[in-house]
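Fold and geometry: a report
Here is what each chain is made of, one letter per residue.
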Amino acid sequence: MLTSTQELLETARRNVYAIGAFNVYNLEGVKAVITAAEAASSPVMLQLHPSALKYGKAPLVALCMESARRATVPVSVHLDHSTSAQDIRLALESGVRSIMADGSPLSYEENRAFTRDMTALCHEYGAVVEAEIGRISGTEDGLTIAEKEAKMTDPDQALEFVHFAKVDSLAVTIGNVHGEYKSPPRLDFPRLEKIRRMLDLPLVLHGASGLPEDMISRSIQLGVCKFNVNTEVRQAYMEALKDEICGDSPKDLLEIAGEAIAAMAEVITDKLHLFGSVGKAHLHETPYARSLAAYEQA
Ligand code: 13P
């Protein structure tokens, strides 16, 4: 059932769990996410990184949208980390109603202006917008502590930013990183708590691969209701392909694809348990979700 991201996040926030947003690149990825979510009766998000959009363009968006419509659980489709107005327009024109307008590589002033303009555009389409201030790093090695601190989300700035740009959710940077954590993760929970006290909107944590259970549940208690996951699922995919292709008993193409889907689905299922969304699909079957589904099917 294609559902709005805002409904997914608000319901999760109210009921103190989080939605897993999984990056997908192709049919196998989409199948893995939907299969795992359906088996777990969990709401879920399919998200496309700009590199995936560049690779698959409108046909890949259409695959995600159609798979979401046909799923037996609530699913929304989201454009992740978009720094490009052109990509945002392509996604909107293709029916995506959930966009991350990512001005975090820009200066604070430029980020504010970019995010405000993109949010106004998205709202015209009835789409919701996630934004980021502070900047999550994917290559932490080489950054000094002071540099790292400077890139964390500043709670006062976050308040000003959200009011100015009128975004619907905010990705926070509190020590989370994209990709593998090179040393044990350390999240700045007092910072998250302050942000949560100051801002009444869904909070998002990127870089959920490699975060331990206690940090996930503490983040949820402090208002995080969406976790982005990519690295661990990609690793499972690549390893399954490698094992199946290079293994002793050669398999056929569809068998290999099936093994890769199963490997990704296993990781996704574990994450859905960690995020507390297993068995929560029914909570999202609101009149809004039902009417959207009916509208989509008409
Ligand atoms: P990981 O690759 O660390 O799981 O992060 C994914 C992410 O945040 C995508 O936006």
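Anyway, here's the lowdown on the structure attached to this text.

Here is what the cut-offs are and how they apply
- Residues numbered from 1 in each chain as written.
- Predicted model: local features only at pLDDT ≥ 70, side-chain atom pairs only at ≥ 80, totals over all residues.
- Heavy atoms only, no water.
- Pairing = 2+ DSSP bridges.
- Helix = DSSP H or I, 4+ residues; strand = E, 2+ residues; numbered from the N terminus.
- Axes fitted to C-alpha atoms, helices over the stretch in contact; angles between N-to-C directions.
- Buried < 20%, exposed > 50% of the residue type's maximum accessible area, 1.4 Å probe, protein only.
- Arc of directions from axis to C-beta.
- Contact = heavy atoms within 4.5 Å.
- Salt bridge = Lys/Arg side-chain N within 4 Å of Asp/Glu carboxyl O.
- Near = heavy atom within 4 Å.
- Polar contact = N/O pair within 3.5 Å; in protein donor to acceptor, adjacent residues only side chain to side chain.
- Nonpolar A, V, L, I, M, F, W, Y, C, P; charged D, E, K, R; others polar.

1. Points about the sheet that holds strand β1 (residues 19-23)
Reading around the circumference, β1-β2-β3-β4-β5-β6-β7-β8 is the order of the eight strands in this closed barrel, with parallel pairing throughout. Averaged over neighbouring strand pairs, the angle between their axes works out to 25° when direction is ignored. Here strand β7 (residues 203-205) runs beside strand β8 (residues 224-229); their pairing, made up of three bridges, is parallel. If you follow Leu203 over to β8, its bridge partner there is Val224.

2. Focus on helix α4 (residues 85-93)
Each full turn of the α-helix corresponds to 3.6 residues, which orients residues three or four apart in the same direction. Along α4, the residues that are buried comprise Ile88, Ala91 and Leu92. The arc enclosing the buried residues of α4, seen along the axis, measures out at 100°, which places them on a common side. For α4, the exposed residues set more than 90 degrees away from the buried face come down to Gln86 and Glu93. In the core, the buried residues of α4 are packed alongside β3 (75-82), β4 (98-101) and α5 (108-124). A positive backbone phi angle near 105° is found at Gly95, which sits one or two residues after α4.

3. Thoughts on the pattern of salt bridges
Applying the stated rule across the entire model yields twelve salt bridges. Close ionic contact of Asp188 with Arg191 constitutes a salt bridge, the shortest N to O distance being 3.0 Å. Overall, the relative accessible area of 14% leaves Arg191 in the buried class. Of the charged contacts, one joins Lys271 and Glu232 as a salt bridge, the two residues approaching to 2.7 Å between their closest N and O atoms. With Lys271 in helix α11 (residues 253-275) and Glu232 in helix α10 (residues 231-246), this pair connects stretches of sequence that are 39 residues apart. Given the relative accessible area of 6%, Lys271 is considered buried. Since its relative accessible area comes to 24%, Glu232 is described here as partly exposed.

4. Let's talk about the site of the ligand
Near the ligand you find 14 residues, and of these Asp80, Gly207, Ser209, Asn230 and Thr231 are the closest. With respect to the ligand, the side chain of His178 contributes an N or O atom lying 3.1 Å from an oxygen atom. Here an oxygen atom of the ligand and a backbone polar atom of Gly179 are 2.9 Å apart. Elements with a contribution of two residues or more to the shell around the ligand: β3 and β8. Across the shell around the ligand, the residue classes break down as three nonpolar, ten polar and one charged.

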